[in-house]
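Listed below, chain by chain, are the residues.
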Amino acid sequence: MSVSKGLVDDVLFEFLHAELVSYVLNSSKDGKKGDVTSLEYIGFSSGYRIIERLTKEWPRFKDELETMKFICTDFWSSIYKKQIDNLRTNHQGVYVLHENSFRFLRKISSGRQYLEAAPKFVAFTCGLIRGALANLGLDCTVTAEIQQMPACKFHIQVQKN
Amino acid sequence: MAVCVAVIGKDNSPKYILCLNPNQELQFHYRVHTSLDVVEEKLKATGDRDVRELYIGQLYSTEEHKIFGYVTNTRIKFIVVVESSNTSLRDNEVRMMFRNLHSAYTDVVCNPFYIPGDPITSKNFDNTVRRIMSGN
Amino acid sequence: MSRQGTRLDPKKVNSELFTLTYGALVSQLMKDYENVEEVNKQLERMGYNIGIRLIEDFLARTSSGRCYDFRDTAEKIQLGFRTFLGITPTISNWNPSGDEFSLIIDNNPLTEFVELPDHCLNLKYSNILTGVIRGACEMVQMEVSSWFVQDQLKGDNVTELRVKFVKRLEDAIPAGED
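Nothing here was measured: the structure is a model prediction, and the numbers come from that model.

Topic: the side chain of Ser 15 of chain C
With respect to the helices and strands, Ser 15 of chain C occurs in helix H1 (residues 10-32). Ser 15 of chain C sits in the buried class, given a relative accessible area of 5%. Of note is the side chain of Ser 15 of chain C, whose polar atom sits 2.9 Å from the backbone nitrogen of Val 8 of chain A. Not counting chain neighbours up to four residues away, the residues in contact with Ser 15 of chain C comprise Gly 6, Leu 7 and Val 8 of chain A.

Thoughts on the nonpolar core
Residues Phe 75 and Leu 105 of chain A together with Phe 81 of chain C are the most contacted members of the largest nonpolar core, which totals 102 residues. The element that contributes the greatest number of residues to this core is helix H4 (residues 118-135) of chain A, accounting for ten residues. With residues near it in sequence (within four places) discarded, Phe 81 of chain C still touches Gly 86, Ile 87, Pro 89, Leu 103, Ile 105, Leu 129, Ile 133 and Leu 161 of chain C. If you look at the next biggest cluster of nonpolar residues, it comprises 28 residues, including Ala 2, Tyr 55, Val 82 and Ile 120 of chain B.

With respect to the interface of chain C and chain B
Across the contact, 14 residues belong to chain C and nine residues belong to chain B. Taken together, both faces of the contact between chain C and chain B bury some 880 Å²; the carbon and sulfur share is 59%. One can count zero salt bridges joining chain C with chain B. Remark: the boundary between chain C and chain B carries four residue pairs in polar contact (both at pLDDT 80 or more). Residue classes in the side of chain C that touches chain B are distributed as ten nonpolar, two polar and two charged.

Here we look at the sheet that holds strand S1 (residues 86-89) of chain A
Residues and elements named next belong to chain A. Strand order in the open sheet formed by four strands is S1-S2-S4-S3, with antiparallel pairing between adjacent strands. The strands lining the two open edges of the sheet, one partner per strand, are S1 and strand S3 (140-145). Across the sheet, the mean angle separating the axes of adjacent strands is 20° when strand polarity is ignored. Sheet contacts for helix H3 (residues 64-80): S1, strand S2 (94-99) and strand S4 (152-158); angle to S2, the most-contacted strand, approximately 15°. Across the sheet, H4 is in contact with S3 and S4; its angle to S3 comes to roughly 155°.

Some words on the packing of aromatic side chains
Under the defined criterion, the tally for this structure stands at 25 aromatic pairs over all chains. Put simply, the rings of Phe 13, Trp 76, Tyr 80, Phe 102, Phe 104, Phe 124 and Phe 154 of chain A touch in pairs and so form one group of aromatic residues. For Arg 71 of chain C, the ring lying beneath its charged end belongs to Trp 94 of chain C, and the centroid distance is 4.3 Å.

Quick word on unusual backbone geometry
Omega for the peptide link from Met 149 of chain A to Pro 150 of chain A comes to -5°, which places this bond in the cis form. Of note, Pro 150 of chain A is situated in the loop between S3 and S4. Positive phi values are uncommon outside glycine, yet Arg 75 of chain B reaches one of about 65°. Mapped onto the secondary structure, Arg 75 of chain B falls in the loop between strand S4 (65-71) and strand S5 (77-83).

With respect to the layout of surface pockets
Over the atoms a probe the size of a water molecule is rolled, and this reveals where empty space is left. Taken as a whole, the second largest pocket spans an internal volume of roughly 600 Å³. Around the second largest pocket sit 32 residues that line it, and Ile 55, Phe 58, Ile 77, Val 132 and Ala 136 of chain C are the ones nearest its centre. Contributions of two or more residues to the lining of the second largest pocket are made by helix H1 (10-25) of chain A together with helix H2 (36-62), helix H3 (70-85) and helix H4 (128-139) of chain C. Sort the elements by how many residues they give to the lining of the second largest pocket and H3 of chain C lands first, with seven residues. The residue inventory of the lining of the second largest pocket, partitioned by class, reads 23 nonpolar, five polar and four charged.

Some words on the confidence of the model for chain C
Residue and element names in this part refer to chain C. On average, residues of chain C score 90 in pLDDT, and 92% of them are at 70 or above. Contacts of residues 1-5 to residues separated by more than four positions or lying in other chains number eleven contacts, the stretch itself having pLDDT below 50. Both scores are given for the predicted complex: the pTM is 0.92, the ipTM 0.91.

Here's the deal with the pattern of salt bridges
Per the stated rule, a full pass over the model turns up 23 salt bridges over all chains. Between Arg 53 of chain A and Asp 107 of chain B there is a salt bridge; the shortest N-O distance is 3.2 Å. Remark: Asp 107 of chain B occurs in helix H3 (residues 91-109) and Arg 53 of chain A occurs in helix H2 (residues 36-54); the pair is interchain, linking two chains. You can call Asp 107 of chain B partly exposed: its relative accessible area is 36%.

A look at the interface of chain A and chain C
In this assembly, 45 residues from chain A lie in contact with 46 residues from chain C. Approximately 4,200 Å² of surface area, both sides summed, lies buried where chain A meets chain C, with 65% of it carried by carbon and sulfur atoms. Between the two partners, chain A and chain C, sit three salt bridges. With its nearest N and O atoms 3.3 Å apart, the salt bridge here joins Arg 53 of chain A to Glu 16 of chain C.

Regarding the environment of Lys 62 of chain A
Residues and elements named next belong to chain A. Inspection of the secondary structure puts Lys 62 in the loop between H2 and H3. By relative accessible area, Lys 62 is classed as exposed at 53%. Spatially, the C-alpha atoms of Lys 62 and Phe 13 are 32 Å apart, while their sequence positions differ by 49 residues.

Observations concerning the state of the cysteines
Taken as a whole and judged by the stated rule, the model has zero disulfides over all chains. In this structure Cys 110 of chain B is not part of a disulfide, and its nearest cysteine sulfur, from Cys 120 of chain C, lies 18 Å away.

A closer look at the packing of H2 of chain C against H4 of chain C
All names here are of chain C. Relative to each other, H2 and H4 sit at 40°, their axes nearing to 6 Å. Judged by the angle between their axes, H2 and H4 are oblique. Pair H2 / H4 crosses with right-handed handedness. Of the residues in H4, those in contact with Leu 43, Glu 44, Met 46, Gly 47, Tyr 48, Ile 50, Gly 51, Ile 52, Leu 54 and Ile 55 of H2 are Ile 128, Thr 130, Gly 131, Val 132, Arg 134, Gly 135, Ala 136, Glu 138 and Met 139. Per-class residue counts for the contact of H2 with H4 are eleven nonpolar, five polar and three charged.

About the criteria used
- Residues numbered from 1 in each chain as written.
- Chains lettered and ligands numbered in written order.
- Predicted model: local features only at pLDDT ≥ 70, side-chain atom pairs only at ≥ 80, totals over all residues.
- Heavy atoms only, no water.
- Helix = DSSP H or I, 4+ residues; strand = E, 2+ residues; numbered from the N terminus.
- Buried < 20%, exposed > 50% of the residue type's maximum accessible area, 1.4 Å probe, protein only.
- Polar contact = N/O pair within 3.5 Å; in protein donor to acceptor, adjacent residues only side chain to side chain.
- Contact = heavy atoms within 4.5 Å.
- Core = buried A, V, L, I, M, F, W, Y, C linked by side-chain atoms within 4.5 Å.
- Buried area = accessible area lost by both parts, 1.4 Å probe.
- Salt bridge = Lys/Arg side-chain N within 4 Å of Asp/Glu carboxyl O.
- Nonpolar A, V, L, I, M, F, W, Y, C, P; charged D, E, K, R; others polar.
- Pairing = 2+ DSSP bridges.
- Axes fitted to C-alpha atoms, helices over the stretch in contact; angles between N-to-C directions.
- Phe/Tyr/Trp six-rings, centres within 6.5 Å; stacked < 30°, edge-to-face > 60°.
- Lys NZ or Arg CZ within 6 Å of the ring centre and 35° of its normal.
- 1 Å grid on protein atoms, 1.4 Å probe; cavity = no way out; pocket = protein on both sides within 12 Å on 5 of 7 lines; lining within 4 Å.
- Points joined across faces, edges and corners; volume = space filled by probe spheres on them.
- pLDDT = per-residue confidence, 0-100.
- Disulfide = S-S within 2.5 Å.
- Parallel < 35°, antiparallel > 145°, perpendicular 65-115°, else oblique.
- Left-handed = near helix turned anticlockwise from the far one by under 90°.

Below is the structure:
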């Protein structure tokens, strides 16, 4: 029954992501089709589903911090080829992930005029993180702060309910 | 091997229940409901080592049935009911059932047309569960 | 910070993430557009945009030269599937004049976990592939058209993608030269 499964090459994901951003950048003025929210949601959906696969063989997470560390290490490095450079937390539900060289910001210029377009390159990833955490039981808001490309900070705020 | 399988969502509502004997369905719905309380208790148990495993073992048993549980990192619970008279059923066979259920569930979640939290209506999933229940 | 648990394989994760992202995109397009034909067109268009860039990567990686004939092209497209999707479709069903062939795919990574609901029967889920082929071929001066003849998502045994040679495109004369 087992059919040899092909592995999709990394480069296709780069191209797909770039095309998603493009689709959003060129969306019609009324913003109905393909605005940043859609891009974030595509990321959310992907993150939610992939975490189901990734944690299949993983021991149970002890607590919130352990879950965050998983996102910063194993999860991040299997997608973005490196671990998060720094994780800060106030131990009260706020986490900041420091990424010194974000994969999707490296390809675009560091000039300030491109800073405007930069949010579109991190939207998918914000959604990805939010989706992954949501499926692990942590409802969060995730935003990105870009001051100096290609560095980026992801701010995660766990919602208390 | 198994007479009933249930998949319970994060909100503790059932997403899928299959009973080989439709007459026992109501009874099993009740059993599954009771199981959830036992699951919660077991998850709170102190002793780091035990809680790490996704398989949480036998939840309880009645004269006729033994009930086993498994909880994923994403808070999805699988409940499997076997007949008490089935004494040849080994621990690793039960674990294998859960692993296969988990794999099948993961595939459902990865279907882009499935909305997580909805009842599971996938034919593939149904076929797989039936196969698992018969011991394959 | 390492702990017990299977190490995640980045290649596998990226591959699965691609499949899931593509699925989420199709889902989103189904919400954005009222009718399925629009979704099919949008997927083809996005495929085209990817194809025109992907070809450079392909040419660099495989050191491919010019295609001698359309059979050569068929083999290169097959190689493209192997390089980027990790599968090797079978080339078959050539027409008598040799300008049309089929790619038989039976383990499409795009559709790995997909089960089409009943209201999506006119959706060409993998239509991005037809665009990629069109875009890539255009960059090497060939106009082709491709379409799905069979689809495993719709109950067929295999997925069959038909490719037809339309015409050779004139080499564009770069601006500024006589």
